[in-house]
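Listed below, chain by chain, are the residues.
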Amino acid sequence: MAAVDQPTFDELVERHGPLVFRVCRAVLRDEHLGSDASQETFVKLWRRLADGADPRHVGGWLRRVAVSTSLDLARRRRAREFATTLDPADEVGEVRDASACGPLERTSLAELERGLERAVRELPEGQRTVFLLRHEGGLPLCEIAAALDVALPTVKTQFARACLKLQRRLAPFDPDAEQDPR
Amino acid sequence: MNCRDYRELLALRLYDELDAPETDRLQAHLEACAACRAYAAELDLGLGRLAREAPDDLPAGWAEQLRSRVANDPARRRSRAWRTWIGVAAGFVLGLGCSSWWRDAGEQAPATDAPTGRVAAVGGETGFRRATPPPLALSGGDLDRLQTWLRH
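Criteria and cut-off values
Residues numbered from 1 in each chain as written. Chains lettered and ligands numbered in written order. Predicted model: local features only at pLDDT ≥ 70, side-chain atom pairs only at ≥ 80, totals over all residues. Heavy atoms only, no water. Helix = DSSP H or I, 4+ residues; strand = E, 2+ residues; numbered from the N terminus. Expected span 1.5 Å × (residues − 1). Buried < 20%, exposed > 50% of the residue type's maximum accessible area, 1.4 Å probe, protein only. Axes fitted to C-alpha atoms, helices over the stretch in contact; angles between N-to-C directions. Parallel < 35°, antiparallel > 145°, perpendicular 65-115°, else oblique. Left-handed = near helix turned anticlockwise from the far one by under 90°. Contact = heavy atoms within 4.5 Å. Nonpolar A, V, L, I, M, F, W, Y, C, P; charged D, E, K, R; others polar. Buried area = accessible area lost by both parts, 1.4 Å probe. Salt bridge = Lys/Arg side-chain N within 4 Å of Asp/Glu carboxyl O. Polar contact = N/O pair within 3.5 Å; in protein donor to acceptor, adjacent residues only side chain to side chain.

A. Spotlight on helix α7 (residues 152-170) of chain A. Taking 1.5 Å of rise per residue, 19 residues should cover 27 Å, and α7 of chain A covers 27 Å from first to last C-alpha, within 8% of that figure. Most of α7 of chain A sits out of view: 16 of its 19 residues are buried.

B. Main features of the packing of helix α5 (residues 125-135) of chain A against helix α6 (residues 141-148) of chain A. Residues and elements named next belong to chain A. Interaxial distance between α5 and α6 falls to 10 Å at its minimum, and their mutual angle equals 130 degrees. Judged on the interaxial angle alone, α6 and α5 are oblique. In terms of crossing hand, the pair formed by α5 and α6 is right-handed. Contact with α5, carried on its side by T129, V130, L133 and R134, involves L141, I144 and L148 of α6 and no other residues of that element. Taken together, the residues of the contact of α5 with α6 sort by class into five nonpolar, one polar and one charged.

C. The arrangement of the environment of L18 of chain B in detail. Following the sequence through the fold, L18 of chain B ends up in the loop between α1 (3-14) and α2 (20-32). Those residues in contact with L18 of chain B that sit more than four places away from it in its chain are L9, L12, R13, T23 and L26 of chain B.

D. Here's a closer look at the interface of chain B and chain A. Counting from both sides, the interface comprises 42 residues of chain B and, opposite them, 51 residues of chain A. Interface of chain B and chain A: buried area, both sides summed, is about 4,400 Å²; carbon and sulfur atoms make up 60% of it. Counting across the interface, chain B meets chain A through five salt bridges. Linking chain B with chain A are 15 residue pairs in polar contact (both at pLDDT 80 or more), by the criterion used here. Elements supplying a minimum of two residues to the side of chain B that touches chain A: α1, α2, α3 (34-45), α4 (47-51), α5 (62-71) and α6 (74-108) of chain B.

That is the geometry; function is a separate question.
Okay, structure coming up:
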């Protein structure tokens, strides 16, 4: 093992720490667990640097490891709802109509967040994982696809369908305005 | 593609996940479809507001906890222990080498000085005397450098 340059490591922590933390918290849905998993991710980074990895090319690796570390931790804690299985054939099911939040212009951000939190729990596992990694974790869909080893079009479809379901829960769209498929 | 497909594209657009052809297709559809334009406005007020929310900072004390975890990482401690043992072994070999060098140097040096006139001849008639090997010792600077190296 080679000596790790401490300032270089600190700089990587400063640059990637917030995103890694958000990714871990998004998967684990818990601040403390997210904190634990994100720190574990950086301990793995330290070992990798000690093995001679180039610190200039660790960003993508860090985000993938953040996802896998969080998913491992979730599995270890028997959090079955975080399974990564994605079903490309998963159709957009009907979501129960929202307790109407009222007109969206008058809905506060806090109300929207609470509504989203409830609605996310009703998503199928695959859609929920992808949505949370993108929405809360801030990971681009291409990186989510790489981290979960799933095709990008599948991830895009899952994410878009999750968004439509959540929007419907936040504010059911007026069906009169629907148009026939073009 | 139907309106449902375009609404999926609208959701992807919220998160900046559309490629250029998808953006063009969506734009063309929105120009022609009032219902999807209305939906886009709704989406922007709902999920769109949440999507634009500023991300949270790291929790307080996170970086300090990480430093402590890295410092106490078993892999790092194993690495340190390994380097310590290498240092000890290197010191031992160095000590043996120095001792041997001093002994050889003493054996090869001519006995030119005889301060008391009582040269202890060694090796019979060779006329050389054995120099007393100095005790193996490191200077203060050497010790400091060795300690610094072992610490890291």
